[in-house]
Amino acid sequence: DYVLSVEFIDTIEGIVVNDVFDRLNRNVKKLERQELRHAKYDGWFITTAEAETEKEEWEQLHVVTKARVKRMKDVQFISELLIVLLNNRIDGFDQDYLDQICAEYDAPQESKSDFSEEDFSTQLEAAKKYLLELEKHNEIITKFAKGFGNFFSLWAFVVLNKDRLPESRMVAVKYADFMVKVERLAKEKDPEQFLKEQKDDYTVAYKFFRNSVQASTDLPQRQARHETLTSVLLS
């Protein structure tokens, strides 16, 4: 006894169909931006990001969780990680920029002469493998990098230093020692006063900490954390 309203659209152009669903999603139901991207795009980049969420490695690295799957937060975050690999640099978080990347890398094999899907896949697998090695040594991701901010910084370190990464066990030890200091600062009511009273040097850890608590996804904060972490782990 329920009457359905049906509208026929005479078109064979996929882009028109995608635009129609995009408008319907925006006007009928409030969706997350990643859910809207899922409805609008179906090219290489978004397909790759969504396919990655099905891989066991991301669960082992605590990126894909039941809570994040519900509103496609896992896809959105993996998309950010893939962008670091694509651009070989850090960018600040921006929903419009994620839309732009989905469109720009719809069919990169055809539109970008310098793009190699094989090279991209090889580097992606190498980065995941290195992070899993770090986790295996002393569970540094489970203990210190389950949150998006810390994981993004660790991922950026691995991807952007891929040609000079030290032995994973050494990095795992250094990272754990460093993050213990960062977490100690995070527990203090007055981190600045705590910093002044310590005999141990907390200066570098404090810089990382300060750029983790305010506008942490903006480019300056991400860049500052990356420079700090790189100086610690490559020293």
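Structure's up top.
Residues numbered from 1 in each chain as written. Predicted model: local features only at pLDDT ≥ 70, side-chain atom pairs only at ≥ 80, totals over all residues. Heavy atoms only, no water.

Helix length check: helix α15 (residues 219-233) (15 residues) gives 21 Å between terminal C-alpha atoms against 21 Å at 1.5 Å per residue, within 8%. Taken as a whole, α15 has its buried residues at Q221, R222, A224, R225, H226, T228, L229, T230, V232 and L233. (Helix = DSSP H or I, 4+ residues; strand = E, 2+ residues; numbered from the N terminus. Expected span 1.5 Å × (residues − 1). Buried < 20%, exposed > 50% of the residue type's maximum accessible area, 1.4 Å probe, protein only.)

Each pair of packed helices can be summarised by the angle the axes make with each other and by the distance between the axes. Where helix α6 (residues 73-87) meets helix α9 (residues 117-138), the axes come as close as 11 Å, and the angle between the chain directions of the two elements is 120°. By the criterion of interaxial angle, the relationship of α6 to α9 is oblique. Considering only the axes of α6 and α9, their crossing is right-handed. Between α6, through L82, L85 and L86, and α9, the contact on the second element is made entirely by F120, Q123 and L124. For the contact of α6 with α9, the per-class residue count stands at 5 nonpolar, 1 polar and no charged. (Axes fitted to C-alpha atoms, helices over the stretch in contact; angles between N-to-C directions. Parallel < 35°, antiparallel > 145°, perpendicular 65-115°, else oblique. Left-handed = near helix turned anticlockwise from the far one by under 90°. Contact = heavy atoms within 4.5 Å. Nonpolar A, V, L, I, M, F, W, Y, C, P; charged D, E, K, R; others polar.)

Of note, the phi angle at H62 is positive, near 65°, even though the residue is not glycine. Examined against the element boundaries, H62 turns out to sit in the loop between α4 (56-60) and α5 (66-69). On the basis of relative accessible area, H62 is assigned to the partly exposed category, the value being 22%. Phi at M72 is positive, roughly 60°, even though this residue is not glycine. One can find M72 in the loop between α5 and α6.

Further remarks concern the packing of aromatic side chains. On inspection of all chains with the given rule, the structure shows 13 aromatic pairs. Taking 5.2 Å as the distance between ring centres and 75° as the angle between the ring planes, the aromatic pair formed by W44 and F120 counts as edge-to-face. One end of the pair, W44, is in helix α3 (residues 44-52); the other, F120, is in helix α9, and 76 residues separate them in sequence. Summarising the burial analysis for this pair, W44 and F120 share the class buried. Considering the side-chain rings of Y105 and F115, the 6.0 Å spacing of their centres and the 70° angle between planes classify their relative orientation as edge-to-face. With Y105 in the loop between α7 (95-104) and α8 (108-111) and F115 in the loop between α8 and α9, this residue pair connects regions lying 10 residues apart in the sequence. Given the relative accessible area of 7%, Y105 is considered buried. Owing to a relative accessible area of 15%, F115 belongs among the buried residues under this scheme. One aromatic cluster in this structure is built from W44, F45, Y105, F115 and F120. Positioned above the aromatic ring of Y105, the side-chain terminus of K112 is 4.8 Å from the ring centre. (Phe/Tyr/Trp six-rings, centres within 6.5 Å; stacked < 30°, edge-to-face > 60°. Lys NZ or Arg CZ within 6 Å of the ring centre and 35° of its normal.)

This part is about the nonpolar core. Most often, soluble globular proteins have nonpolar side chains that are buried together. Ranked by size, the top nonpolar core spans 61 residues in total, and within it F45, W58, L131, I140, F151, W155 and Y175 carry the most contacts. Residue contributions to this core peak at 9 residues, all from α6. Apart from the residues lying within four places of it in its own chain, the contact partners of F151 are W58, L61, V63, F77, L81, L131, I141 and A145. (Core = buried A, V, L, I, M, F, W, Y, C linked by side-chain atoms within 4.5 Å.)

Positionally, I140 belongs in helix α10 (residues 140-144). On the basis of relative accessibility, which here comes to 0%, the residue I140 falls in the buried class. C-alpha of I140 to C-alpha of P191: the two residues are 51 residues apart in sequence and 23 Å apart in space. Ignoring sequence-local partners within four residues, the contact set of I140 consists of L134, E135, A145, L154, A172, Y175 and A176.

Now for the environment of R26. Within the element layout of this structure, R26 appears in helix α1 (residues 14-28). Looking at R26, the relative accessible area reads 46%, which means it is partly exposed.

Taken as a whole and assessed by the stated rule, the structure comprises 14 salt bridges. Here D91 and R89 are joined by a salt bridge, their closest N and O atoms 3.0 Å apart. Because the salt bridges share partners, they merge into one network encompassing E52, K55, E57, E125 and K128. (Salt bridge = Lys/Arg side-chain N within 4 Å of Asp/Glu carboxyl O.)

Another aspect to go through is the packing of α6 against helix α11 (residues 148-160). The geometry of α6 relative to α11 is characterised by a closest axis approach of 9 Å and an angle of 30° between their N-to-C directions. The angle between α6 and α11 falls in the class roughly parallel. α11 is crossed by α6, and the crossing has right-handed handedness. Facing α6, whose interface residues are K73, F77, E80, L81, V84 and L85, α11 presents F148, F151, F152, W155, A156, V159 and L160. Within the contact of α6 with α11, the residues separate by chemical class into 11 nonpolar, no polar and 2 charged.

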